[in-house]
Amino acid sequence: MDRMIKLFVLVMWCAAGIFPVLAGNPLLLPEYVREYRVEFSSQEEAAAATMTLSALPPGKNVLFSCRWDDSNDRHLKTAEVMRETGCPGTFYLCQAGPNYYAGTMKTLVDGGNTVGNHTLSHPRLTEVGAARLWNEIFENRYLYEVRSQLPVTAFALPFCAWRRKDDPTAAARIGKALRHAGMLGAPEYFRDQAVPYGYPVGSFVNSFLITPGDREPDEERFFVEVEQFLRQGATHITLGMHSNHTPAGLEKLRRILASCARRSDWHCCTENEAIARISGAAFTRVEKLHADGAVAVFRLTGPPPASLGWNAPLTGCVGDRRIELPHTMPMPKAIGLFLNRNNLSGRLFKCAEGVPFRAGLFLDPAGSTVLRLENTGGVFCSATSGILRLPGENIRFTIPELEPGRQAVIEIPFHADALVDGEIAVAAELDVEAGEEIYRLWIATRGNFRE
């Protein structure tokens, strides 16, 4: 034990499944602080200046993205059209196989697209039990983060199904799983999903979704719906939803996307970027510190890029000026998974090359988890954030700073009703800073903890 630091994390309990609402950060995402200096033409202007945040890049009025569902190879032709027109998007994938991950998925990501969560096996979530509902959403999230080496923050419902006439609790049950799994938004037909999903008001990112046809998109219909949505004040528009295009359909898609890319006031992006811009602006607090002559100094406190899902600058609004505010914290260099398949106590597991840690998570059904983390690299490291994700509860925790070769043991209590019947996955989402790099570590275990 002379090479080990042991901590006990004290948690302020709240009702299982309910997040305390914090001003500016209702989902309790990790936060960091940075400062920006803005120059004005006079001391008086600097002294009077205030700043608000916008989700839109300077000069833009709309965030435009594409949504394509399911794991199939037809995405490659769709992605090629997207690449040629300059319109990246997000592919919402279910579980596939190693060849798909190394082939199709890698090509999609290498082409500037991102991966979204579409559950493990594409069930109707309104018809599955609590354990399967959780695993379908949560496991698919962290597995695709590791496969794509990108955060997964966007979700798409299988069959667009979130309601049942004979089950008024269906939407809330799905929303509870999404919230505790860390999903931040979804481009669906149904907007304002935060309330039925049980998220704090305004904290779940939605989009105006247009589906002009999966085989041969109806160009006229698409542009008619665009104008209808713009009249409704839309600032986030998504095109989708399946890559089933005929050759003629691909040409129609090409014309649609090329037209969108030519709109000077539209910003074409992935859903990750749209979510990061919208959530970043909503969840970040601005404080004016002081004026230094003709320079005003502002402090921003809010989620880092890894938690938002993309390294997208925020936009500061100062009078009639729009200023890009780039993040000062990087995205993860690598994302690793440490899986304790049989919930063995006291075990450390290795990860892929390039992730300089060993780790393990053990869950004691009596009410605590034990996380072990060892720094196997050559530089000092410290955690920027830690979240234990359970079906009915998220718990924030911290780890000590670790020198090379040191190990930490962290005990994290939880409510018994944070678990559900059946075999489930539980994991800690840990972002660790090692030198100048950030690593995301998923430290997971599985078991039927109520037996």
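In short, a report on the structure.

Focus on the pattern of salt bridges
Here is step 1: The tally for this structure, following the rule as stated, stands at 28 salt bridges.
Here is step 2: Between R83 and E80 there is a salt bridge, with the nearest N and O atoms lying 2.6 Å from each other. A residue pair is termed a helical-turn pair when its members lie 3 or 4 positions apart in one helix, as R83 and E80 do in helix 2 (residues 75–85) at three residues.
Here is step 3: The salt bridge partner of R389 is E429, with a shortest N-O separation of 2.7 Å.

Notes on helix 8 (residues 247–262)
Here is step 1: Along its 16 residues, helix 8 runs 23 Å from first to last C-alpha, staying within 8% of the 22 Å computed at 1.5 Å per residue.
Here is step 2: For helix 8, the complete set of buried residues consists of G249, L250, L253, I256, L257, S259 and C260.
Here is step 3: For helix 8, the secondary structure elements touched by its buried residues are strand 4 (62–69), helix 2, helix 7 (219–231), strand 8 (236–239) and strand 9 (266–268).

Some remarks on the sheet that holds strand 10 (residues 285–292)
Across a sheet, strands are paired by hydrogen bonds formed along the backbone, either parallel or antiparallel in direction.
Here is step 1: Taken in spatial order, the three strands make up an open sheet running 2-11-10, and their pairing is antiparallel. Every interior strand has two partners, whereas the edge strands, strand 2 (32–39) and strand 10, have only one. Each neighbouring strand pair of the sheet contributes to a mean axis angle of 25 degrees, computed without reference to strand direction.
Here is step 2: Here seven bridges tie strand 10 to strand 11 (residues 295–302), and the two strands are oriented antiparallel to one another. Within strand 11, the residue paired with D292 across the bridge is V295.

Concerning the packing of helix 2 against helix 8
Here is step 1: Closest axis-to-axis distance for the helix 2/helix 8 pair is 9 Å, and the angle between their directions is 30 degrees. Classified by the interaxial angle, the pair formed by helix 2 and helix 8 is roughly parallel. Every pair of crossing elements has a handedness; the one defined by helix 2 and helix 8 is right-handed. In this structure, helix 2 contributes K77, T78, V81, M82, E84 and T85 to the contact, and helix 8 contributes L250, L253, R254, L257, A258 and A261.
Here is step 2: In the contact of helix 2 with helix 8, the residues fall into seven nonpolar, two polar and three charged.

Observations regarding the sheet that holds strand 21 (residues 437–447)
Here is step 1: Read across the open sheet, the five strands follow the order 14-21-20-17-18; overall the sheet is mixed. With one partner strand each, in any of the chains shown, strand 14 (334–340) and strand 18 (393–396) form the two edges of the open sheet. Adjacent strand axes in the sheet meet at a mean angle of 20 degrees when their direction is disregarded.
Here is step 2: Summarising the sheet, strand 20 (residues 424–434) and strand 21 pair through eleven bridges and their orientation is antiparallel. If you follow L430 over to strand 21, its bridge partner there is L441.
Here is step 3: Packed on one face of the sheet, helix 4 (residues 130–148) meets strand 14, strand 17 (381–390), strand 20 and strand 21 and runs near 30 degrees to strand 20.

Looking at the packing of aromatic side chains
Here is step 1: In this structure the tally under the stated criterion is 15 aromatic pairs.
Here is step 2: Judged by centre distance (5.8 Å) and plane angle (90 degrees), the rings of Y101 and Y144 are edge-to-face. With a gap of 43 residues between them, Y101 in helix 3 (residues 98–110) and Y144 in helix 4 connect regions that are remote in the sequence.
Here is step 3: When its relative accessible area of 0% is taken as the criterion, Y144 is described as buried.
Here is step 4: Centroid distance W162 to Y197: 6.4 Å. Interplanar angle 80 degrees. Geometry classified as edge-to-face. Pair noted here: W162 is in the loop between helix 4 and helix 5 (170–181) and Y197 is in helix 6 (residues 194–197), with a separation of 35 residues, a long-range link.
Here is step 5: The class for W162 is buried, based on a relative accessible area of 8%.
Here is step 6: Residue class for Y197 comes out buried when judged on its relative accessible area of 1%.

Focus on the pairing of strand 20
Here is step 1: For strand 20, the buried fraction is high: ten of the eleven residues fall into the buried class.
Here is step 2: Here strand 17 pairs with strand 20 via eight bridges, running antiparallel. Along strand 20, the bridge assignment pairs S385 with D431.
Here is step 3: What sits between the antiparallel neighbours strand 20 and strand 21 is a turn of two residues, in which G435 has the positive phi angle 65 degrees.

The rules behind each value
- Residues numbered from 1 in each chain as written.
- Predicted model: local features only at pLDDT ≥ 70, side-chain atom pairs only at ≥ 80, totals over all residues.
- Heavy atoms only, no water.
- Salt bridge = Lys/Arg side-chain N within 4 Å of Asp/Glu carboxyl O.
- Helix = DSSP H or I, 4+ residues; strand = E, 2+ residues; numbered from the N terminus.
- Expected span 1.5 Å × (residues − 1).
- Buried < 20%, exposed > 50% of the residue type's maximum accessible area, 1.4 Å probe, protein only.
- Contact = heavy atoms within 4.5 Å.
- Pairing = 2+ DSSP bridges.
- Axes fitted to C-alpha atoms, helices over the stretch in contact; angles between N-to-C directions.
- Parallel < 35°, antiparallel > 145°, perpendicular 65-115°, else oblique.
- Left-handed = near helix turned anticlockwise from the far one by under 90°.
- Nonpolar A, V, L, I, M, F, W, Y, C, P; charged D, E, K, R; others polar.
- Phe/Tyr/Trp six-rings, centres within 6.5 Å; stacked < 30°, edge-to-face > 60°.

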